[in-house]
Amino acid sequence: MNRFSYVRATDVAQAAREAGAPAAKIIAGGTNLVDLMKYDVERPGRLVDITRLPGLRAIEDAADGGLRIGALVTNTEVAYDRRVEARYPLLSSTILAGATPQLRNSATTGGNLLQRTRCYYFYDVGTPCNKREPGTGCPAIPGVNRIHAVLGASEHCIATHPSDMCVAMAALEAVVRVSGPGGERAIPFAEFHRLPGDAPERDTNLGRGEVVTAVELPARGFPAHYTYLKLRDRHSYAFALVSVAVGMEMDGGRIGEARFALGGVAHKPWRDPEAEAMLRGQAASRDLFERAAERTLRGAKGYGHNTFKIELARRAIVRALEQAAAGTPQSQVDKRIR
Amino acid sequence: MSPIPNAETHVGSPRSRVDGRAKVTGAARYSGEFTAPDLAHGYVVNSTVAKGRITRLDTAAALAAPGVLEVFTHENRPRTAWFSYNYQDEVGPPGSPFRPLYDDKVVYSGQPIALVVAETFEAARGAASLVRVSYEAEAHETDLKNRMDEAYEPPKKRTGISPPPKPRGDARGAYADAPVKVSGDYWAAYEHHNPMEPHATTVVWEGGGKLLVHDKNQGVLNAQSYIASVFGLGKGDVRVVTPFVGGGFGSGLRPQYQLFLAVMAALELRRSVRVVLTRDQMFTHVYRPNTFQTVRLGANPDGALRSIQQHAIAGTSQFEDHQEVVVNWAGTLYHCDNVELTYKLAKLDTYTPGDMRAPGAPLGLFATESAMDELACATGVDPVEIRLRNYTEKDENENKNFTSKELRACYQVGAERFGWSKRNPEPRSMREGRELIGWGMASGAWEAQMMKTSARATLTADGKLEVACATADIGTGTYTILTQIGADAFGLRMEDVTTKLGDTTLPYSPVQGGSWTAASAGTAVQLACEAVREKLFKHARKASGSPLADVKLDAVSFADGRIEVTADPSRFVRIADAMRAGGVDRLEAEETAKPSMIDQLRYTGYTHSAIFVEVRVDEELGAVRVTRVVDAVAAGKILNPKTARSQVVGGIVWGIGMALEEETMPDHNLGRFMNHNYAEYHVPVNADVQGIEVVFVDEHDTKVSPIGVKGLGEIGIVGTAAAIANAIHHATGKRVRDMPITIDKVLG
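Residues numbered from 1 in each chain as written. Chains lettered and ligands numbered in written order. Predicted model: local features only at pLDDT ≥ 70, side-chain atom pairs only at ≥ 80, totals over all residues. Heavy atoms only, no water.

### Side note on the overall build of chain A
Operational definition: The numbering of helices and of strands both runs from the N terminus, where a helix is a DSSP run of H or I of at least 4 residues and a strand a run of E of at least 2. Restricting the calculation to C-alpha atoms gives the radius of gyration, and the globule rule supplies 2.2 Å times the number of residues raised to the power 0.38. Only protein chains enter the accessibility calculation, which uses a 1.4 Å probe; a residue whose area is less than 20% of its type maximum is buried, one above 50% is exposed, and one in between is partly exposed. A contact between two residues is defined here by any heavy atoms of the two lying within 4.5 Å. For the accessible areas, the method is Shrake-Rupley and the probe is 1.4 Å, while residue cover comes only from the protein chains on display.
Of regular secondary structure, chain A possesses 13 helices and 12 strands. Scaling as 2.2 N^0.38, a compact globule of 338 residues should have a C-alpha radius of gyration of about 20 Å, and chain A matches this with 19 Å. Dimensions along the principal axes, computed over C-alpha positions, put chain A at roughly 60 × 50 × 35 Å. For chain A, buried positions account for 59% of its 338 residues. Here the analysis covers contacts within chain A between residues at least 6 apart in sequence; of these, 64% occur between residues at least 24 apart. If you sum the accessible surface of chain A, you get close to 12500 Å²; carbon and sulfur atoms cover 50% of it.

### Focus: the domain arrangement of chain B
Residue and element names in this part refer to chain B. Defined as follows: Where a domain begins and ends is set by an automatic assignment or by a domain database. Summed over both partners, the accessible area lost on bringing two parts together, with a 1.4 Å probe, is the buried area. Salt bridge, as used here: a side-chain nitrogen of Lys or Arg that lies within 4 Å of a carboxyl oxygen of Asp or Glu. The definition of a polar contact used here is a pair of N or O atoms within 3.5 Å, where within protein one atom must be able to donate a hydrogen and the other to accept one, and adjacent residues in sequence count solely through side-chain atom pairs. As a working rule, the residues Ala, Val, Leu, Ile, Met, Phe, Trp, Tyr, Cys and Pro are called nonpolar, Asp, Glu, Lys and Arg charged, and the rest polar, with Gly in that last group.
Here chain B is described as being made up of domain 1 (38-139 + 195-278), domain 2 (147-191 + 287-449 + 601-747) and domain 3 (450-594). One C-alpha centre belongs to domain 1, the other to domain 2, and the line joining them spans 36 Å. When domain 1 packs against domain 2, the two sides together hide about 1700 Å² of surface, and 54% of this comes from carbon and sulfur. Summed over the three residues of domain 1 that lose the most area to domain 2, namely Pro93, Pro94 and Phe249, the buried surface amounts to 32% of that side. Inspection of the domain 1/domain 2 interface yields 2 salt bridges. A salt bridge links aspartate 349 to lysine 51; its shortest N-O distance comes to 3.9 Å. One can count 7 residue pairs in polar contact (both at pLDDT 80 or more) joining domain 1 with domain 2. Class assignment for the residues of the side of domain 1 that touches domain 2 results in 13 nonpolar, 10 polar and 2 charged.

### Comments concerning the UniProt feature "domain: FAD-binding PCMH-type" (unreviewed entry) in chain A
Here is the rule we go by: UniProt positions are given in the numbering used here, feature names are shortened, and annotations may be inferred rather than shown by experiment.
The sites that carry the UniProt feature "domain: FAD-binding PCMH-type" (unreviewed entry) are, in the present numbering, residues 1-222 of chain A. From the first C-alpha to the last, residues 1-222 of chain A spans 44 Å; its make-up is 27% helix and 17% strand.

### Structural notes on the interface of chain A and chain B
Buried accessible area, meaning the area lost when the parts come together, often serves as the stated size of an interface. With 41 residues of chain A at the interface, the matching set in chain B holds 41 residues. Across the chain A to chain B interface the summed buried area is about 3600 Å²; carbon plus sulfur atoms make up 56%. At the surface where chain A touches chain B, the tally comes to 7 salt bridges. For arginine 319 of chain A, the salt bridge identified is with aspartate 618 of chain B, shortest N-O distance 2.7 Å. Looking at the side of chain A that touches chain B, the elements that each hand over two or more residues are helix H8 (120-123), strand E9 (225-231) and helix H13 (308-326) of chain A. It is H13 of chain A that provides the largest number of residues to the side of chain A that touches chain B, a total of 6 residues.

### So, the pattern of salt bridges
Under the counting rule described, the total for this entry stands at 83 salt bridges over all chains. For arginine 68 of chain A, the salt bridge goes to glutamate 216 of chain A, with nearest N and O atoms at 4.0 Å. Of this pair, arginine 68 of chain A sits in strand E5 (residues 67-70) while glutamate 216 of chain A sits in strand E8 (residues 211-217); the two residues are 148 residues apart in sequence, bridging distant segments of the chain. Accessibility expressed as a relative area gives 25% for arginine 68 of chain A, which makes it partly exposed. Taken together, the salt bridges that share partners define one network made up of Arg286, Glu290, Arg319 and Glu322 of chain A together with Arg434, Asp618 and Glu620 of chain B.

### Description of the sheet that holds strand E1 (residues 5-8) of chain A
Residues and elements named next belong to chain A. The criterion, for reference: At least two DSSP bridges between two strands are required for those strands to pair. Here an axis means a line fitted to C-alpha atoms, over the contact stretch when the element is a helix, while the angle between two N-to-C directions is reported on a 0 to 180 degree scale.
Strand order in the open sheet formed by 3 strands is E1-E3-E2, with parallel pairing between adjacent strands. Edge positions in the sheet fall to E1 and strand E2 (24-27), since each of these pairs with one other strand and no more. Here the average twist between neighbouring strands, direction ignored, is 25°. Pairing geometry for E1 and strand E3 (residues 46-49), over 4 bridges, is parallel. Residue pairing across strands places arginine 8 opposite aspartate 49, the latter belonging to E3.

### Observations concerning a nonpolar patch on the surface
In plain terms, the rule: Residues enter patches when their relative accessible area tops 30% and they take part in no salt bridge; the joining distance is 9 Å for like charges and 5 Å for the nonpolar side chains Val, Leu, Ile, Met, Phe, Trp and Tyr.
Nonpolar side chains collect at one region of the surface, where Trp82, Phe83 and Tyr85 of chain B lie side by side and expose about 430 Å² of accessible area between them. Topologically, tryptophan 82 of chain B is positioned in the loop between strand E3 (68-73) and strand E4 (105-106).

### With respect to helix H12 (residues 286-296) of chain A
Helical geometry: 3.6 residues make up each α-helical turn, so side chains three or four residues apart lie on a common side. Residues and elements named next belong to chain A. Here is the rule: Here the arc refers to the set of directions running from the helix axis out to each C-beta atom.
Among all positions in H12, only Leu288, Phe289, Ala292, Ala293 and Thr296 are buried. The buried residues of H12 occupy an angular sector of 135° when projected down its axis, which confines them to one face. Looking at the buried side of H12, the elements it contacts are strand E10 (242-251), strand E11 (254-263), strand E12 (270-271), helix H11 (273-279) and H13.

### What about the sheet that holds strand E24 (residues 556-559) of chain B?
Residue and element names in this part refer to chain B. A sheet is described by the order of its strands in space; here 3 strands give the open sequence E24-E25-E26, paired in antiparallel fashion. Of all the strands in the sheet, just E24 and strand E26 (568-574) have a single pairing partner and so form its edges. Between one strand axis and the next, the sheet turns through 35° on average, direction left out of account. Pairing of E24 with strand E25 (residues 562-565) involves 4 bridges; the strand directions are antiparallel. The residue of E25 that forms the bridge with phenylalanine 558 is isoleucine 563. Along the sheet face, helix H13 (residues 575-582) touches E25 and E26 and points at about 50° away from the line of E26.

### Topic: the side chain of aspartate 395 of chain B
Residues and elements named next belong to chain B. Condition: Charged residues are defined narrowly, with Lys and Arg counted positive, Asp and Glu counted negative, and His plus the chain ends left uncounted.
Looking at the secondary structure, you find aspartate 395 in strand E17 (residues 394-395). For aspartate 395, which is buried and forms no salt bridge, the nearest opposite charge comes from arginine 168, at a distance of 6.1 Å. Among the polar contacts made by the side chain of aspartate 395, one reaches the side chain of threonine 332 at a distance of 3.5 Å. Looking at aspartate 395, its side chain comes within polar contact range of the main-chain nitrogen of asparagine 397, at 3.1 Å. If near-sequence neighbours (up to four positions away) are discounted, aspartate 395 is found in contact with Gly331, Thr332, Lys400, Phe402, Thr604 and Tyr606.

### Some details on the environment of isoleucine 474 of chain B
Mapped onto the elements, isoleucine 474 of chain B comes out in the loop between strand E22 (465-468) and helix H11 (478-490). Between the C-alpha atoms of isoleucine 474 of chain B and phenylalanine 249 of chain B, which are 225 residues apart in sequence, the distance is 8.1 Å.

### Describing the environment of histidine 225 of chain A
Examined against the element boundaries, histidine 225 of chain A turns out to sit in strand E9. In this structure the side chain of histidine 225 of chain A is engaged in a polar contact, spanning 2.7 Å, whose partner is the backbone oxygen of alanine 324 of chain A.

### A short note on unusual backbone geometry
Residues methionine 739 of chain B and proline 740 of chain B are joined by a peptide bond in cis, for which omega reads 0°. Along the polypeptide, proline 740 of chain B turns up in the loop between strand E34 (738-739) and helix H18 (743-746). For tyrosine 237 of chain A, which is not a glycine, the phi torsion comes out positive at approximately 50°. Mapped onto the secondary structure, tyrosine 237 of chain A falls in the loop between E9 and E10. For tyrosine 237 of chain A, a relative accessible area of 32% gives the class partly exposed. Of note, asparagine 194 of chain B is a non-glycine position whose phi angle comes to about 50°, a positive value.

### Considering the packing of helix H5 (residues 89-96) of chain A against helix H9 (residues 165-172) of chain A
Residue and element names in this part refer to chain A. Going by this rule: Geometric relationships in this document are graded by angle, where less than 35 degrees denotes roughly parallel, more than 145 denotes roughly antiparallel, 65 to 115 denotes roughly perpendicular, and other angles denote oblique. Crossings are assigned a handedness: left-handed for a near helix turned anticlockwise from the far helix by less than a right angle, right-handed for a clockwise turn.
Packing of H5 against H9 brings their axes to within 7 Å, and their N-to-C directions diverge by 160°. Considering their axes alone, H5 and H9 lie roughly antiparallel with respect to each other. The way H5 lies across H9 gives a crossing that is right-handed. In this structure, H5 contributes Leu90, Leu91, Thr94 and Ile95 to the contact, and H9 contributes Met165, Ala168, Met169, Ala171 and Leu172. The residue makeup of the contact of H5 with H9, split by class, is 8 nonpolar, 1 polar and no charged.

Written out as structure tokens, the structure reads:
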């Protein structure tokens with residue numbers, strides 16, 4: 001860990017100004033950044049502490065029937081908020097599927113969006129990594145890639161985004177509110193995170209000096225038909241090998257609006273509009289779900305250790321769609337998969 | 001002959017850990033927590049290549065950083081012992097031990113190549129990131145698969161490790177002729193120990209050339225002699241004190257590199273130095289070796305074994321031949337006339353592997369007991385029944401009788417408690433909802449042995465007892481059981497007994513390992529207490545008007561601070577009065593326990609277990625849950641059922657990890673382990689562990705140790721992985737021979 005200076009921002013404008021400096025980094029819950037600093041992966045010259053910023057700690061009802069979650073609201077607060085539990089149980093479920101109570105108590109909503117990949121090489125400064133040091137290469141492609149991407153990867157990077165919460169946010173079509181040098185703007189969730197392409201060092205489309213201030217959930221929350229199915233190498237406290245968040249509306253046996261997003265398989269939560277469109281207006285059936293899964297994974301590519309994820313994702317999509325359609329969401333307490 | 005033991009009030013009864021409160025309140029001091037005025041902090045820099053030469057080591061920026069005192073490298077390290085034999089330790093294998101900062105050669109990825117010492121930990125850590133290193137890398141090999149053709153039988157055997165027995169009969173011929181055959185190749189991944197407490201050393205510079213060393217290890221005397229030998233110091237100048245160890249599991253048997261580095265820096269800087277390894281650095285030394293095995297069993301249609309062949313190849317470093325007992329277990333557990341067991345090593349560009357909980361046994365038994373399960377399926381004989389049909393009352397490897405063997409009772413009791421009789425033998429026959437249910441079992445065995453160990457007992461006139469021994473308590477409960485033994489010897493309360501451990505000034509003990517401590521240190525404490533009792537009794541008889549004057553030692557009891565006639569407790573002498581009569585205020589004795597040479601020649605000693613497991617498998621998604629475990633254990637006398645159960649449960653939990661989760665993943669292109677932290681190296685968490693029942697089967701055995709103890713440290717893990725693999729086969733019909741059995745291997 002390098003030596004750094006520290007400033008506590010008192011308003012969003014100051015935070016944005018401070019964060020705009022080249023070596024500055026914003027810190028909130030610190031559950032990821034501090035680790036990365038200990039590993040010398042992140043070496044900020046200045047930390048801008050936003051934890052005392054006013055107005056970012058509330059969960060508020062929005063005029064359109066949605067919910068506005070301030071960037072500093074902790075993961076625990078979101079997961080156990082009565083409105084979230086009632087109207088967006090998918091979001092609650094994904095948060096409780098991740099990390100540990102201790103981490104969720106500290107981690108913030110904005111920070112969760114900005115957490116970085118768990119790629120072994122990214123974390124180990126003794127190895128090359130295009131995401132950490134552009135141009136040095138990607139040893140994960142010919143190397144150890146059990147937890148790596150099978151969708152949307154590039155020859156430069158096959159890292160995945162590790163968040164559970166973001167997978168639900170993607171399915172819920174949340175909107176990220178940011179404030180920066182150019183004023184305020186709203187970024188649709190699908191456009192917030194990036195695919196690696198030839199610039200894997202950039203995880204998101206957040207501009208320099210931009211601060212996440214809130215995440216807005218639209219009114220549609222899929223409280224009756226949803227699930228978060230997370231498959232991992234142990235039954236708790238492990239990142240997803242493959243996860244599926246589903247939000248669905250059912251009209252009798254027929255599917256209305258349907259969305260599903262995958263975690264653990266790509267550089268961002270993965271949605272496939274064509275696959276979702278296949279479901280709408282159709283009767284729920286295993287055959288339909290299998291076809292939608294097939295469609296989602298049509299461009300999937302494995303790199304050796306992670307090749308099993310393609311088949312695993314296919315099956316997980318089918319199971320998750322079944323759970324959601326049946327209104328029997330996956331419990332995050334009982335580890336038996338429904 | 002030793003006198004009749006006192007009545008057992010504490011021994012054999014569940015007692016909470018005497019050190020439990022200190023541990024949960026933080027009062028127990030661990031090696032990285034001791035401090036000293038003027039303490040400096042060291043941070044290790046590790047190599048990033050697996051093999052080659054350091055061509056340039058630029059420490060200028062690090063040295064210029066605020067608070068930095070020195071950066072030690074191979075270029076400026078102080079003079080240490082020249083010869084590699086000076087680096088040998090009590091349990092090291094044949095070869096030339098790793099010498100930190102010795103020269104410019106890199107022999108494994110993660111090798112310590114510099115130590116930055118600064119006024120604070122943060123300053124040292126920050127400066128460590130400024131050290132610039134250039135290498136001339138050479139081609140390396142870390143993939144066991146690529147070196148198996150060059151595998152060799154280790155020419156020099158490791159002390160204390162039985163090599164495979166000579167072949168008996170004609171295993172290959174008998175296999176060829178056998179009506180039923182099973183064969184398979186088995187893989188076990190690299191595992192790292194991952195004790196909660198990282199390796200750490202605090203060296204307190206006491207002046208006058210004296211060092212007080214707090215080092216995370218499993219044997220203070222081993223650490224002391226290593227330091228003395230490497231740095232040319234007198235043992236009198238090096239005291240090692242390690243009262244508490246936060247888990248060892250074998251990782252603290254041999255001195256690890258932070259000990260060398262901390263002592264080197266303290267000697268050179270002439271001040272106190274602490275070096276604590278990070279979690280990631282815990283993956284830069286000892287580990288359980290990657291091991292490949294082939295098993296072939298030939299049998300009659302009734303399941304009687306006609307041939308056993310088991311061959312293992314394990315990785316080791318380029319510089320030492322680490323050896324463990326992998327293949328011998330089949331030949332010990334079962335009767336068979338035609339047996340061929342071999343164990344070979346293959347050299348890799350890695351650090352030397354080392355002992356990890358029950359070294360060798362869970363690897364060997366994973367293969368043996370999976371193959372036995374396969375044989376049960378092939379013959380249609382129940383898995384318990386087939387083991388009974390091949391039961392042996394003699395260790396055929398050694399052609400000796402067992403000191404005791406209640407494995408038959410383990411099978412019976414374990415099966416009963418588990419409800420094994422309700423098992424449908426057909427794979428895939430049990431299902432609930434989406435989950436397939438599988439029931440599997442396996443046998444377990446581990447050596448029961450006693451090592452030469454000394455202990456001291458000191459009784460004072462106020463009726464307080466202190467027992468002392470240099471052995472470690474790595475979390476096993478040694479403090480507690482020695483306190484129980486001491487308390488019972490004099491009829492005291494546990495609170496009246498103080499146990500001192502982990503200090504080189506205390507009586508001799510080998511490292512704590514191999515499940516031998518309870519038998520060895522326990523016997524030594526018992527002997528020392530008996531010697532004190534004799535002295536005390538002599539004084540008691542001399543007291544004026546003593547009611548014990550005409551009584552023999554075997555007719556008295558020690559209770560409530562008194563020596564009383566067992567048949568008539570109204571006749572007694574108080575401890576204080578006895579001491580007064582002898583003109584002393586304390587009585588002390590040091591005794592040494594040694595294994596019986598005659599019994600060692602005549603018998604072999606093992607603990608045994610039969611473990612039964614239920615798994616539930618969501619086959620479509622590859623998810624496995626271990627929902628129930630029953631482990632029946634025969635381990636001689638159980639001194640403390642509470643701490644004993646903890647030992648076995650801990651082993652079982654590790655077995656779950658071994659079977660399903662634990663794997664250090666090497667990148668063979670880089671020659672480097674990649675998942676070096678707790679997030680990506682998976683050990684079981686609460687959600688992975690459900691009901692575990694441990695049953696201790698009665699077993700009487702005074703041949704392993706006079707106090708009847710066989711030891712419990714390893715027996716919990718040995719059969720667990722095999723039982724889980726067998727349960728997964730029963731659930732799914734799929735035989736996975738490659739540990740850990742992760743989702744991808746189960747996906748139907």
